[in-house]
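Take a look at the letters that make up each chain.
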Amino acid sequence: MYVYPAKVGESTPVTFVYDAEEQKFILETDGTGLVEGNEYYAVCGSTQTSDFNSGKICAKMKLWNSLLANLPMVSDIFTATADGTFATLHHMAGIVEIPVKGSGEINTIKLSVYNSTTGDNKLYEDFDVEFGDGGKVGTGTITKTSSSSTIESTYFYKIDNPLTLSETEQSLFFPALPGTYNNVKVSYNIGNSGGNSIDIPGTLTVQRGKINKKGTAVTINAQ
């Protein structure tokens, strides 16, 4: 976990690692700790490589394909204290759940909003997190800076390990940045054959920190 000074121009983090025995984050070996009375924010998960707090107080985060273990989290701004500091990390992304059923086998499954006309077709990649009133994190403080509109499922179904469909519903899960999307599709391969997709009716609203489920199962006949 990285803790950044909540100050413009300060881009060097203090690094903490989790101690399973102590059940808490401790300062990384040879590191310099937090300064009592100074303001900071914590981040966890995948980050961009540079430009934290460049020109404004801002966490530079990223969401990548399939990486559930690295879902991006950012805390509110907090003040360091001498007797230990607590910071609550907030999930910046959500999970889309789409139940499927049908017949046949599919692989290389992706969620796509490529032709979205809602003004929001950015499912993942780089995004900035600023801070609202009182140093709070909220959906309105997220600015997407990349425009990737297709993302893989959290489990990557390969040609030699496909998803076998049946009349029993199974759920596909996709990490995604918050927003409202339309023209939603699930694309997939049948064997080596790509270019297959099926429409998901209606709009898809993704809320950060939540599993956003489409209620009606999608039927795919991959024969």
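Here we summarise the structure given alongside this text. Note that this is a predicted model, so its numbers are computed, not measured.

1. Concerning the overall build of the protein chain
Then comes step 1: If you tally the helices and strands in the protein chain, you get 0 helices and 20 strands.
Then comes step 2: A principal-axis box enclosing the C-alpha atoms of the protein chain has dimensions of 65 × 40 × 25 Å.
Then comes step 3: Taking all 223 residues of the protein chain together, the buried fraction comes to 42%.
Then comes step 4: Within the protein chain, contacts between residues at least 6 apart in sequence are counted, and of these 68% link residues at least 24 apart.

2. Quick notes on the sheet that holds strand β11 (residues 142-144)
Then comes step 1: Judged by pairing direction, the sheet is antiparallel, and its 3 strands sit side by side in the order β5-β10-β11 without closing on themselves. Of all the strands in the sheet, just β5 (59-63) and β11 have a single pairing partner and so form its edges. In this sheet, adjacent strand axes meet at a mean angle of 30° when their direction is disregarded.
Then comes step 2: Where strand β10 (residues 125-129) meets β11, 3 bridges bridge the pair, whose relative direction is antiparallel. The residue bridging Val 129 from the neighbouring strand is Ile 142, located in β11.

3. Remarks on the nonpolar core
Then comes step 1: Residues Tyr 41, Val 74, Ile 98, Ile 109, Leu 111 and Val 129 are the most contacted members of the largest nonpolar core, which totals 45 residues.
Then comes step 2: No other element matches strand β9 (residues 94-112), which puts 7 residues into this core.
Then comes step 3: Sequence-distant contacts of Ile 98, defined by excluding residues within four places in its chain, comprise Leu 111, Gln 170, Ser 171, Leu 172, Phe 174, Val 186, Ile 200, Lys 214 and Val 218.
Then comes step 4: Membership of the second largest hydrophobic core comes to 7 residues, among which are Val 14, Phe 16, Phe 78 and Ala 80.

4. Some remarks on the environment of Cys 58
Then comes step 1: Structurally, Cys 58 is set in the loop between β4 (39-44) and β5.
Then comes step 2: Given a relative accessible area of 2%, Cys 58 falls into the buried group.
Then comes step 3: On a C-alpha basis, the gap between Cys 58 and Phe 131 in space is 7.4 Å, while along the polypeptide they are 73 residues apart.
Then comes step 4: Beyond its immediate stretch of four places on either side in the chain, Cys 58 contacts Tyr 41, Phe 52, Asn 53, Asp 128, Val 129 and Glu 130.

5. Concerning the environment of Thr 85
Then comes step 1: If you trace the backbone, Thr 85 turns up in the loop between β7 (78-79) and β8 (89-91).
Then comes step 2: Among the residues examined, Thr 85 registers a relative accessible area of 32% and is labelled partly exposed.
Then comes step 3: C-alpha of Thr 85 to C-alpha of Glu 36: the two residues are 49 residues apart in sequence and 9.5 Å apart in space.
Then comes step 4: Other than its neighbours up to four places away in sequence, Thr 85 contacts Phe 78, Thr 79 and Ala 80.

Quick notes on the rules
- Residues numbered from 1 in each chain as written.
- Predicted model: local features only at pLDDT ≥ 70, side-chain atom pairs only at ≥ 80, totals over all residues.
- Heavy atoms only, no water.
- Helix = DSSP H or I, 4+ residues; strand = E, 2+ residues; numbered from the N terminus.
- Buried < 20%, exposed > 50% of the residue type's maximum accessible area, 1.4 Å probe, protein only.
- Contact = heavy atoms within 4.5 Å.
- Pairing = 2+ DSSP bridges.
- Axes fitted to C-alpha atoms, helices over the stretch in contact; angles between N-to-C directions.
- Core = buried A, V, L, I, M, F, W, Y, C linked by side-chain atoms within 4.5 Å.

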